[in-house]
Structures are given as C-alpha cells and as structure tokens.
Amino acid sequence: MWKKSVLIGVLLTLCTLHAVTPFSISGLKQLSVHVADYSDLLDSSMKARLERVMHQKLKALGIDTQGYFNESFILLLKSQKVGKITLLHLDLMVSGDVVRMTQKTPTFGISYLLKDSVEVEDAAADVMESLEFLLEEFAEQYKQDNEE
C-alpha cells in the first residue's frame, strides 16, 4: 500500500514540475507560425483560428510573426484512439536551422518543446483550452528568460 502512496506522490511532484523546461527561449524576435494537424478532428477554419491566437500571443510578447523566418513556432496536433476514447496530443515547439558546435554544419533542431494531452469531448473547445495553457506556459518562460 505504501508503494502506491509513494508512486502517487512522485506523479504529483512530476506534474507540478512539468511547466519547467530545459530550453532557453531568450532572444527570440521573429517566428513563423504554423499549425500541423495530423488529427483529422479540426476543420480549416479552426486551424486558422488557432494560428490567429498564436500570432496574437507572440505579438503581445513583442515577437514579430509577419513574414517567413528561419525559426518557426509550430503547434503539432495528433490524435489517438484508446478504446472508445479519443486522445489529442498537442506539441508546441520552436524549431529551425541550428549549427552543431562540433561539426559546424547546419541541421534542423527543436529549441523549445512543451506537450499536452487531452481527452476529446468537444475537439474545438478542447484544443483551444489546451493551446491557451501551452501559450501561457510559453509566455511565462519567455518573460523569465528575457528579463534584463
């Protein structure tokens, strides 16, 4: 019985730490915004709405999103059926070309990643709620990483 208590304690601790990421997002000034939906749960108008929300949040942080830039701010959506339940996995990431220090050659890299998963009841509402959560976490870290 004590093993279950310890396991629950560890899981609760990990859940509270999930907002902390090992990534540094200091110095981001320009990002291209993209929504990659591999879930087949959203229509094109909802994807456009998600992109607008992402643009607005980045603009509020002082990040330019009007144009095509080397680094991208991507929302990746994937769904998974588990019995009668549909899970939606959301990955919010910053990616782009990076140069490896050892080889001095450019390669594609992910410089920020935060994930969330939700059980789908109302796809549009669930995605929007999760995106708002992910964007708030991103904004909080961005502000901390860019304090002067």
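A short tour of the structure in this document, coming up. Predicted model only: the values in this text are computed from it and were never measured. (Residues numbered from 1 in each chain as written. Predicted model: local features only at pLDDT ≥ 70, side-chain atom pairs only at ≥ 80, totals over all residues. Heavy atoms only, no water.)

### Thoughts on the nonpolar core
Within the largest apolar cluster, 33 residues are counted, with the highest numbers of intra-cluster contacts made by L50, M54, F73, L75 and F138. Of all the secondary-structure elements, those providing two or more residues to this core are β1 (32–38), α2 (44–60), β2 (71–82), β3 (85–99), β4 (106–119) and α3 (123–145). Ranked by the residues each element gives to this core, the list is headed by α3, at nine residues. Those residues in contact with L75, other than ones at most four positions away along the chain, are H34, V35, A36, L50, M54, L90, D91, L92, L131 and L134. (Core = buried A, V, L, I, M, F, W, Y, C linked by side-chain atoms within 4.5 Å. Buried < 20%, exposed > 50% of the residue type's maximum accessible area, 1.4 Å probe, protein only. Helix = DSSP H or I, 4+ residues; strand = E, 2+ residues; numbered from the N terminus. Contact = heavy atoms within 4.5 Å.)

### What about the packing of aromatic side chains?
For the coordinates displayed, the defined rule picks out three aromatic pairs. With centroids separated by 6.1 Å and ring planes inclined at 20 degrees, the aromatic side chains of F138 and Y142 adopt a geometry described as stacked. On the criterion of helical spacing, the pair formed by F138 and Y142 is a turn pair, its members being four residues apart in helix α3. Looking at Y142, the relative accessible area reads 6%, which means it is buried. Taken together, the ring pairs connect F73, Y112, F138 and Y142 into an aromatic cluster. (Phe/Tyr/Trp six-rings, centres within 6.5 Å; stacked < 30°, edge-to-face > 60°.)

### Let's talk about the sheet that holds β2
Here we have four strands laid out as an open sheet, ordered β1-β2-β3-β4, and mixed in their pairing. Each of the sheet's edge strands pairs with one partner strand only, and the pair in question is β1 and β4. Ignoring which end each strand starts from, the neighbouring axes of this sheet average 20 degrees apart. Where β2 and β3 come together, twelve bridges link them in antiparallel fashion. Across the sheet, V82 pairs through a bridge with I85, a residue of β3. α2 contacts β1, β2 and β3 of the sheet and is inclined by roughly 145 degrees relative to β1. Sheet contacts for α3: β2, β3 and β4; angle to β4, the most-contacted strand, approximately 130 degrees. (Pairing = 2+ DSSP bridges. Axes fitted to C-alpha atoms, helices over the stretch in contact; angles between N-to-C directions.)

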